Amino acid sequence: MDPDYIYLNTSQDYIIKMPPGGIHGTLELDGGHNVVLIGGSITVPASANQTDNDADDTDQGIYIRGATGVVHIEGVAITGDPNTQFDGIDINAPLATVQLENISVTNVWGSNTTEHADVVQTWGGVHDLRIDRLTADGDYQGLTINPNLGAVGSAEIENVDLTLDPRPAALAAITSGGGYMIWLTQDADTCEAPGAVTFTNVYVDDDDPGRVAPTNTVWPPSVATNLSCAGVFSDNEMSWPKLPVTGSVHLTAAPDGPFVAEGVAGTTYESPGYAPGS
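Each residue is numbered by its place in its chain's sequence as written, counting from 1. Predicted model: local features are reported for residues with pLDDT of at least 70 only, side-chain atom pairs are reported and counted for 80 or more only, and whole-chain, interface and lining totals are derived from all residues. Side-chain numbers here rest on the full set of heavy atoms in the structure, without hydrogens or water.

Participant: Lay out the overall build of the chain with the relevant residues and their values.
Facilitator: Helical segments are the DSSP runs of H or I of at least four residues, strand segments are the runs of E of at least two, and each set is numbered from the N terminus. Within the chain, the secondary structure is distributed over zero helices and 19 strands. Taken over C-alpha atoms, the radius of gyration is set against a globule rule of 2.2 Å times the number of residues to the power 0.38. For the chain, the C-alpha radius of gyration of 17 Å lies close to 19 Å, the compact-globule estimate for 278 residues. For the chain, the C-alpha atoms occupy an extent of roughly 45 × 45 × 35 Å along the three principal directions. Working definition: with a 1.4 Å probe on protein chains only, accessible area under 20% of the residue-type maximum means buried, over 50% means exposed, and in between means partly exposed. Sorting the 278 residues of the chain into buried and exposed places 56% on the buried side.

Here you go:
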């Protein structure tokens, strides 16, 4: 299935309305100044090309490209057909502030040879990434906030719970599972990182019995690396004092359950609204 492209003028503001029954496909928001999308569901189909690591844009739930203002996406639920490899939200908008709020991304399966699946990836750059209340799970990668193909000016990550799942049996032949729910550097052999990252109430839960240790669910880890920016692990929290990172990531389940409970995000979503200054 081809992606649904929405081409937007970079000097105009838009409100995007999702179809009542959701999308069985993918959505690309190409351009726009200030763009708002509230509520809806996306299911990436099994017919998506899962062999090209997103090259043809058919295997990511939402692709944000080339916006120039603030892109606000709220209350959207993203998943895939059974055993489908896909990215949740990809961002290639170096001039934009991207706000993700009350987002659910489930069953993010990937492989090391075909689809490096991510919950959120800033692979093309972003001026500022703001995440508040996101719940996601999968076996490959979670928040990939690195400057590989574009600068990341800053990122504020708050109220997020990510769960590392065992790989599906149907995909065992092509992947051992990536398993990194937080990735902060450009590739695995450098300490090149985003401009500034702040973590508040961020949790990574390791539900994969095949992982050696929970400390290997984030990058840079605290062990098995010669990087000068290796993480520091203490009291079930990982921090990165040698990177421009404020706060830490809890390597445990969120104590009060998911920040986005099942059924909150999706086609029936209702925005709670926000008081001034909240």
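Participant: Could you give an account of the pattern of salt bridges, naming the residues involved and the relevant values?
Facilitator: For this document, the term salt bridge refers to a Lys or Arg side-chain nitrogen within 4 Å of an Asp or Glu carboxyl oxygen. Considering all chains together, one arrives at five salt bridges under this definition. A salt bridge links Arg130 to Glu156; its shortest N-O distance comes to 3.9 Å. Of the two residues, Arg130 is situated in strand E10 (residues 126-138) and Glu156 in strand E12 (residues 152-164); the sequence distance between them amounts to 26 residues. Among the residues examined, Glu156 registers a relative accessible area of 32% and is labelled partly exposed. Taken together, the shared-partner salt bridges connect Glu28, Asp30 and Arg65 into one network.

Participant: Pulling in residues and values, what's your account of the pairing of strand E14 (residues 197-206)?
Facilitator: Sheet analysis places E12 next to E14, joined by nine bridges and oriented parallel. Its bridge partner lying in E14, Val160 is registered against Val202. We treat two strands as partners when DSSP finds at least two bridges between them. In terms of strand pairing, E14 meets strand E18 (residues 245-246) through two bridges, oriented parallel. Across the sheet, the residue bridging to Val197 is Val245, located in E18.

Participant: If you had to explain the state of the cysteines to someone new, which residues and values would you point to?
Facilitator: Each disulfide consists of a covalent bond between the sulfur atoms of two cysteine residues. Throughout, disulfides are identified as pairs of cysteine sulfur atoms within 2.5 Å of each other. On inspection of all chains with the given rule, the structure shows one disulfide. The disulfide bridge from Cys191 ends at Cys229, spanning 2.1 Å between sulfur atoms. Between Cys191 and Cys229, the S-S torsion sits near -90 degrees, and that sign places the bridge as left-handed. Of this pair, Cys191 sits in the loop between strand E13 (180-183) and E14 while Cys229 is found in the loop between strand E15 (218-219) and strand E16 (232-234), placing the two residues 38 residues apart along the sequence.

Participant: An account of the nonpolar core is needed here, citing residue identities and associated values.
Facilitator: Think of a nonpolar core as a cluster: buried Ala, Val, Leu, Ile, Met, Phe, Trp, Tyr and Cys residues, connected wherever their side-chain atoms sit within 4.5 Å. Residues Ile73, Leu129, Leu143, Ile157, Ile182 and Phe199 are the most contacted members of the largest nonpolar core, which totals 64 residues. Per element, the largest residue contribution to this core is nine residues, and it comes from strand E8 (residues 87-108). We call two residues contacting when some pair of their heavy atoms lies within 4.5 Å. Leaving out residues up to four positions away in the same chain, Ile182 has contacts with Leu143, Leu162, Phe199, Val202, Val204, Thr217, Val218, Trp219 and Val249.

Participant: With reference to specific residues and values, describe unusual backbone geometry.
Facilitator: In this structure, the amide linkage connecting Trp219 to the following residue, Pro220, adopts the cis form with an omega of 0 degrees. With respect to the element layout, Pro220 can be found in the loop between E15 and E16. Its identity as a non-glycine residue notwithstanding, Asn83 has a phi of 60 degrees, on the positive side. Take Asn83: it is sitting in the loop between strand E7 (70-80) and E8. Although it is not a glycine, Asp187 adopts a positive phi angle of roughly 65 degrees. Tracing the sequence through the fold places Asp187 in the loop between E13 and E14.

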